[in-house]
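Coordinates in review
Next come the chains, spelled out residue by residue.
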Amino acid sequence: MPNPIKHNQILDALQSLLQDKDIETISVSEIARAAGIGKGSIYYYFPSKEAILEALIERNYETALDTAKTLAAQTEVSPFARMAALFQACRDSSREFIKQNTKAAGFSAKDMLLLHQKYLNYLITELKPELTQIIEQGIHSGDIHFDHPAALSEIVLIVLAIKLDNSLLPSSPEEIESTITGLISLLEKGTGNPAGSLDFLMAASKTAAPHKSP
């Protein structure tokens, strides 16, 4: 059975190496040496360096995402209140990611772009089933009127993730607020809710972290 201590040692080793080297120049052997374990042990836990990097990203954001999943499963809460919880999770994850970037001043621009892309992919992939479930439950209860819940959830998450991460498409706070306002209007029209009825979702997406150049 995998040892969680060694698992985290490997992730810590890669995170430390990334302070001084580009990801493409780091070898599995170097990660093993930094972790203080044999190279063969690395492959017991991870099939590749790419898998180690993805696990590192997952570890950095699992708390916010686990919280979002727990809230999403609370079916006694209205679908839109749970949707707001997911908005909040997106914001919190983005703020945490940018905070990590600020600490990791040694990361190259190329590495930071790669990490951002992987982070956004992870965030959208992980939250899409939860948001889709919420929308489907809202359709079943009659609170939401929409024929394509999975497509709607993906559209919402792509907009939120890119805007609130605010690195791939840097925007001013005013531009972010304008986009989120448009998204809420789209949700209201797409789900059959009157204009202004979902404005409370804006509170969960406000105060997005300012853009930090890698």
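Let me sum up the structure you'll find in this document. (Residues numbered from 1 in each chain as written. Predicted model: local features only at pLDDT ≥ 70, side-chain atom pairs only at ≥ 80, totals over all residues. Heavy atoms only, no water.)

Looking at the overall build of the protein
On a plain count of helices and strands, the protein comes out with nine helices and zero strands. Starting at the N terminus, the α and β elements of the protein follow one another as α-α-α-α-α-α-α-α-α. Counting the 214 residues in the protein, one finds 43% classified as buried. (Helix = DSSP H or I, 4+ residues; strand = E, 2+ residues; numbered from the N terminus. Buried < 20%, exposed > 50% of the residue type's maximum accessible area, 1.4 Å probe, protein only.)

Some points on the side chain of Glu188
You can see Glu188 is positioned in helix α8 (residues 173–191). There is no salt bridge for the buried Glu188, and the closest opposite charge comes from Lys189, which lies 7.7 Å off by N-O distance. Polar contacts involving the side chain of Glu188 include one to the main-chain amide nitrogen of Gly196, which spans 2.9 Å. Every residue in contact with Glu188, bar those within four places of it in the chain, is listed here: Asn193, Pro194, Ala195, Gly196, Ser197, Leu198 and Asp199. (Lys, Arg positive; Asp, Glu negative; His and termini not counted. Salt bridge = Lys/Arg side-chain N within 4 Å of Asp/Glu carboxyl O. Polar contact = N/O pair within 3.5 Å; in protein donor to acceptor, adjacent residues only side chain to side chain. Contact = heavy atoms within 4.5 Å.)

Some details on helix α2 (residues 28–35)
All of the buried residues along α2 are Val28, Glu30, Ile31, Ala32 and Ala35. Positive backbone phi, at 75 degrees, marks Gly36, one or two positions downstream of α2.

A short note on the environment of Thr132
Structurally, Thr132 is set in helix α6 (residues 109–141). For Thr132, a relative accessible area of 10% translates into the label buried. With residues up to four places along the chain from it excluded, the contact list for Thr132 reads Pro149, Ala150 and Ser153.

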